[in-house]
Amino acid sequence: MAFARGAGGGTSSLYDGPVFDAHVHFLRDAWDTVGSDRVFASLDANNVSRALLSSIPDDGTLMLHEIAPERFVPFYMPYRDLADMDDWYQDDDILALMEERLGRGIHVGIGEFHLYDASNVETRQFRRLLDIAEERGLWLLSHSGSAEIDAMYRIKPEAKLIWAHAGLVEPAHQVAETLARHPALLADLSFRESSILSAGAGINARWRDILVRFADRLMIGSDPYIVPRWRALGEILDTNRFWLGQLPQETARAIAKGTGDRFF
């Protein structure tokens with residue numbers, strides 16, 4: 001709520017509608033520390049109607065999806081553990097496990113996955129991932145820069161891509177250019193609060209333009225990738241509700257829930 005405090009000590013209006021959280025994880029260390037009951041309690045308390053979910057290992061995703069399949073959009077995160085993040089895109093064993101898991105017909109996407117250079121997209125294993133996604137009609141949730149997004153579209157122009165964190169550190173002008181260059185690209189805004197808000201006050205002017213122009217392709221996200229972020233879920237989502245509350249209602253509803261509902 002720190003972002004929601006005005007200079008006079010008052011509280012700015014928060015967007016109070018339901019939200020589609022496009023970036024949720026239930027990793028192994030959260031199974032016992034947080035637990036499924038608290039996950040559902042947190043989602044209920046914060047009016048999260050549905051969530052796009054991926055986990056390390058994938059069992060965390062399957063666990064929550066089995067309890068409430070209507071509540072979660074299951075994505076397959078192609079890591080057995082955190083160590084796999086370094087070179088997963090060139091590992092045959094990871095590829096084989098992914099194909100086995102996707103063969104169950106539960107997941108609707110692959111990711112979140114991390115790419116560190118556009119050359120990562122050129123490996124035989126990653127090209128096979130792109131083929132699998134195309135064959136099965138799966139979405140891809142990519143934690144990467146704009147260069148990696150461009151590289152994937154060069155190989156698969158019809159790929160169904162979601163840009164995690166809208167690039168995370170990409171400047172606003174580059175985010176706008178990338179979204180404009182790829183009209184089918186979606187993006188989640190997790191970890192973008194400090195970019196969107198100017199010094200904890202109003203919305204940055206360049207980001208306001210992005211939010212209004214691309215509202216039908218943007219989604220909010222909380223990204224509880226560690227236990228402390230599950231505990232702070234309300235604060236994270238309230239910060240998002242704060243900047244949503246400064247947008248036209250139609251724009252805010254689209255980003256908060258409309259985009260997620262339309263595509264998932």
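Above this text you will find the structure in question.
Residues numbered from 1 in each chain as written. Predicted model: local features only at pLDDT ≥ 70, side-chain atom pairs only at ≥ 80, totals over all residues. Heavy atoms only, no water.

Some remarks on the overall build of the protein chain
Thinking step 1. Regarding its fold elements, the protein chain presents 12 helices and eight strands.
Thinking step 2. On the principal axes, the C-alpha backbone points of the protein chain span a range of 60 × 40 × 30 Å.
Thinking step 3. Within the span of the protein chain, comprising 264 residues, buried residues form 56% of the whole.
Thinking step 4. Looking at the protein chain alone, contacts between residues at least 24 apart form 71% of all its contacts between residues at least 6 apart.
Thinking step 5. A total of about 10900 Å² of accessible surface is found on the protein chain, and carbon and sulfur atoms cover 50% of it.
Thinking step 6. Here the protein chain contributes 27 positively and 39 negatively charged side chains, and the mean placements of these two sets differ by 5 Å. (Helix = DSSP H or I, 4+ residues; strand = E, 2+ residues; numbered from the N terminus. Buried < 20%, exposed > 50% of the residue type's maximum accessible area, 1.4 Å probe, protein only. Contact = heavy atoms within 4.5 Å. Areas by Shrake-Rupley, 256 points an atom, 1.4 Å probe, with all protein chains shown as cover. Lys, Arg positive; Asp, Glu negative; His and termini not counted. Charge placed at Lys NZ, Arg CZ, Asp CG, Glu CD.)

Focus: the sheet that holds strand β7 (residues 186-188)
Backbone hydrogen bonds hold the strands of a sheet together, and the pairing may be parallel or antiparallel.
Thinking step 1. Ordered in space as β1-β2-β3-β4-β5-β6-β7-β8, the eight strands form an open sheet in which the pairing is parallel. Every interior strand has two partners, whereas the edge strands, β1 (19-25) and β8 (218-219), have only one.
Thinking step 2. Sheet topology note: the strand β4 (residues 109-114)/strand β5 (residues 139-143) ladder contains five bridges and is parallel. Note that in β5 the partner of His-114 across the bridge is His-143. (Pairing = 2+ DSSP bridges.)

Observations concerning helix α4 (residues 92-102)
Thinking step 1. Every buried residue of α4 is accounted for by Ile-94, Leu-95, Met-98, Arg-101 and Leu-102. Along the axis of α4, the buried residues cluster in a sector spanning 130 degrees; they form a single face.
Thinking step 2. The distance from a side-chain oxygen at the start of α4 to the backbone nitrogen of Asp-93 is 2.8 Å, and the residue carrying that oxygen is Asp-91. (Arc of directions from axis to C-beta. Polar contact = N/O pair within 3.5 Å; in protein donor to acceptor, adjacent residues only side chain to side chain.)

A word on the side chain of Arg-101
Thinking step 1. When you line up the elements, Arg-101 lands in helix α4.
Thinking step 2. Assessed through its relative accessible area of 14%, Arg-101 is described here as buried.
Thinking step 3. Ignoring any residue separated from it by four or fewer positions in sequence, one finds Arg-101 in contact with Asp-58, Asp-59, Leu-62, Tyr-76 and His-107.

Concerning the nonpolar core
Thinking step 1. Formed by 76 residues in total, the largest nonpolar core has its most connected members in Phe-126, Trp-243 and Ile-255.
Thinking step 2. Among all residues touching Ile-255, those that are not within four sequence positions of it are Leu-189, Leu-211, Ala-215, Leu-218, Met-219, Ile-220, Trp-243, Leu-244 and Leu-247. (Core = buried A, V, L, I, M, F, W, Y, C linked by side-chain atoms within 4.5 Å.)

Remarks on the pattern of salt bridges
Thinking step 1. Using the criterion set out here, one finds 15 salt bridges in the structure.
Thinking step 2. A salt bridge links Arg-104 to Glu-100; its shortest N-O distance comes to 3.3 Å.
Thinking step 3. Here Arg-104 falls in the partly exposed class, since its relative accessible area comes to 45%.
Thinking step 4. A residue is classified by how much of its surface remains accessible, and Glu-100, at 40% relative accessible area, is partly exposed.
Thinking step 5. Each of Asp-58, Asp-59 and Arg-101 takes part in a single network of salt bridges with overlapping partners. (Salt bridge = Lys/Arg side-chain N within 4 Å of Asp/Glu carboxyl O.)

Quick look at unusual backbone geometry
Peptide bonds are, in most cases, trans, and in most cases residues other than glycine have a negative phi.
Thinking step 1. Residues Ile-56 and Pro-57 are joined by a peptide bond in cis, for which omega reads -10 degrees.
Thinking step 2. Its place among the elements puts Pro-57 in the loop between β2 (48-54) and α3 (59-67).
Thinking step 3. Here Asn-47, not a glycine, exhibits a phi torsion of approximately 55 degrees, which is positive.
Thinking step 4. Turning to its location among the elements, Asn-47 is positioned in the loop between α2 (35-45) and β2.
Thinking step 5. Of note in the backbone geometry, Asp-223 takes a positive phi value of approximately 50 degrees without being a glycine.

A few points about the pairing of strand β6 (residues 160-163)
Thinking step 1. As paired strands, β5 and β6 are joined by four bridges and run parallel to one another. In the sheet register, Leu-140 faces β6, and the bridge partner there is Leu-161.
Thinking step 2. Between β5 and its parallel partner β6, the chain crosses via helix α6 (residues 146-155), and the hand of that crossover is right-handed.
Thinking step 3. Where β6 lies against β7, two bridges are found, and the strand directions are parallel. Of the residues in β7, the one forming a bridge with Trp-163 is Ala-187. (Right-handed = clockwise from strand over helix to strand, strands pointing away.)

A few points about the environment of Glu-158
Thinking step 1. For Glu-158, the position within the fold is in the loop between α6 and β6.
Thinking step 2. The class of Glu-158 is exposed, set by a relative accessible area of 69%.
Thinking step 3. Residues Glu-158 and Glu-134, spaced 24 residues apart in sequence, show a C-alpha to C-alpha distance of 8.2 Å.

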